[in-house]
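Fold and geometry: a report
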Amino acid sequence: MGEKASARDAAQRLADSVNKVSVGRVYDYLLGGVHNYAVDQRFAEEQLRLIPSMRDFARANRAFLGRAVRYMVDQGIRQFVDIGSGLPTQGNVHEVAEDAAPGECRVVYIDNEPIAQAHAEILLEQTADPARHTALDGDFHDGPRLWNQVIDTGLIDPGQPIGLLAVALLHFMPDDTTPHATLGGYLERLPSGSFMALSHIHVPAEDTALHERSEGVVDSYRRRTNSAVTLRGREEIAAFFTGLRLVEPGLVWLPEWRSESELPELDGLVGSRGLAGVALKP
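Conventions adopted
- For every chain, the first residue of its written sequence is number 1, and the numbers climb from 1 along that sequence.
- Totals for whole chains, interfaces and linings use all residues, but because this is a predicted model, local features are given only for residues with pLDDT of at least 70 and pairs of side-chain atoms are given and counted only at 80 or more.
- Water and hydrogen atoms play no part in the side-chain values, which are based on all heavy atoms of the structure.
- The axes are straight lines fitted to the C-alpha atoms, using for helices just the contacting stretch, and the angles between their N-to-C directions are given from 0 to 180°.
- Helix and strand assignments follow DSSP, with helices taken as H or I runs no shorter than four residues and strands as E runs no shorter than two, numbered in order from the N terminus.
- Each angle is binned into one of four classes, with values under 35 degrees roughly parallel, values over 145 roughly antiparallel, values of 65 to 115 roughly perpendicular, and all other values oblique.
- With the far helix as reference, a near helix turned anticlockwise by less than a right angle produces a left-handed crossing, and one turned clockwise produces a right-handed crossing.
- Should any heavy atoms of two residues lie within 4.5 Å, those residues are considered in contact.
- Gly is placed with the polar residues, together with every amino acid not listed as nonpolar (Ala, Val, Leu, Ile, Met, Phe, Trp, Tyr, Cys and Pro) or charged (Asp, Glu, Lys and Arg).
- Pairs of N or O atoms are called polar contacts if they sit within 3.5 Å, as long as, within protein, a hydrogen donor faces a hydrogen acceptor (for residues adjacent in sequence, only side-chain-to-side-chain pairs).
- Salt bridges are defined by distance alone: a side-chain nitrogen of Lys or Arg within 4 Å of a carboxyl oxygen of Asp or Glu.
- Any residue under 20% of the maximum accessible area for its type is buried, any over 50% is exposed, and the rest in between are partly exposed; the area is computed with a 1.4 Å probe on protein chains only.

**Regarding the packing of helix H4 (residues 54-74) against helix H5 (residues 93-100)**
Running from amino to carboxyl end, H4 crosses H5 at an angle of 40 degrees, the nearest separation of the two axes being 9 Å. Classified by the angle between their axes, H4 and H5 sit oblique to one another. The hand of the H4/H5 crossing is right-handed. Residue-level contacts link Leu 65, Gly 66, Val 69, Arg 70 and Val 73 of H4 to Val 93, Val 96, Ala 97 and Ala 100 of H5. Among the residues making up the contact of H4 with H5, the classes are represented as seven nonpolar, one polar and one charged.

**Things to note about the side chain of Asn 61**
In this structure, Asn 61 sits in helix H4. A polar atom in the side chain of Asn 61 sits 2.5 Å from the side chain of Ser 199. Beyond its immediate sequence surroundings of up to four residues, Asn 61 is in contact with Tyr 27, Val 167, Ala 168, Ser 199 and Leu 254.

**Regarding the pattern of salt bridges**
Considering all chains together, one arrives at seven salt bridges under this definition. Of the charged contacts, one joins Asp 142 and Arg 145 as a salt bridge, the two residues approaching to 3.1 Å between their closest N and O atoms. Look at Asp 142 and you get partly exposed, because its relative accessible area is 22%. Put simply, Glu 98, Asp 129 and Arg 132 are held in one network by salt bridges that share partners.

Dropping the structure here:
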């Protein structure tokens, strides 16, 4: 009865959001998914007119997530915490992990957007083993309180290596919210042998024309969604890995990270508009 009530509550939250732009649903639309509404589609198309490569970022980012999870599974990781997971869409963490190690992995998804949480409750109920995968309504900035929520699920053993995922998350964290320090708090709680995968929007400083167009997109997200975007330089992004050991090939353009296919030309790499890396906690 409780599960049915939860699903009904989730469905009602979705119905209430029809006329509100959801960052998670915009991302789903860019990926070619079906869990989005007209308001999300219009917003996405407006941003694509400014920066057509936004769709390239979404696709390259999702592909990186899949490769990073498979890499971690190959290194023995069997439990994952995905902070800022967004709307469960194509290539979910639990699906990738299940394919790589059937029946062995556990995943805790976390997002603070009610719409993403509602979708997660519905989709996980339909597609996942609830004994091994769950979704939490939580905020990256909650720090120790959020980590306690994660442990309280009973799915994550804090004494065993964990795969922490901060994928396409931190560019939604303004500098005045001290994201480097907050992430550092989570990293301190990870046991030795854990990994972190991270990706972040990046616009090269020398590309002034793109910077100007990007500011238009940043302004749109600030005014019309609940997730303002912050652009950062390579050094600022690299600082998120402080205390960890980056695995090869380091912090690179999204398509460069252990791609199994032929890499595009340089414009294609830069066109992904995102840097990514995976690092080990010694």
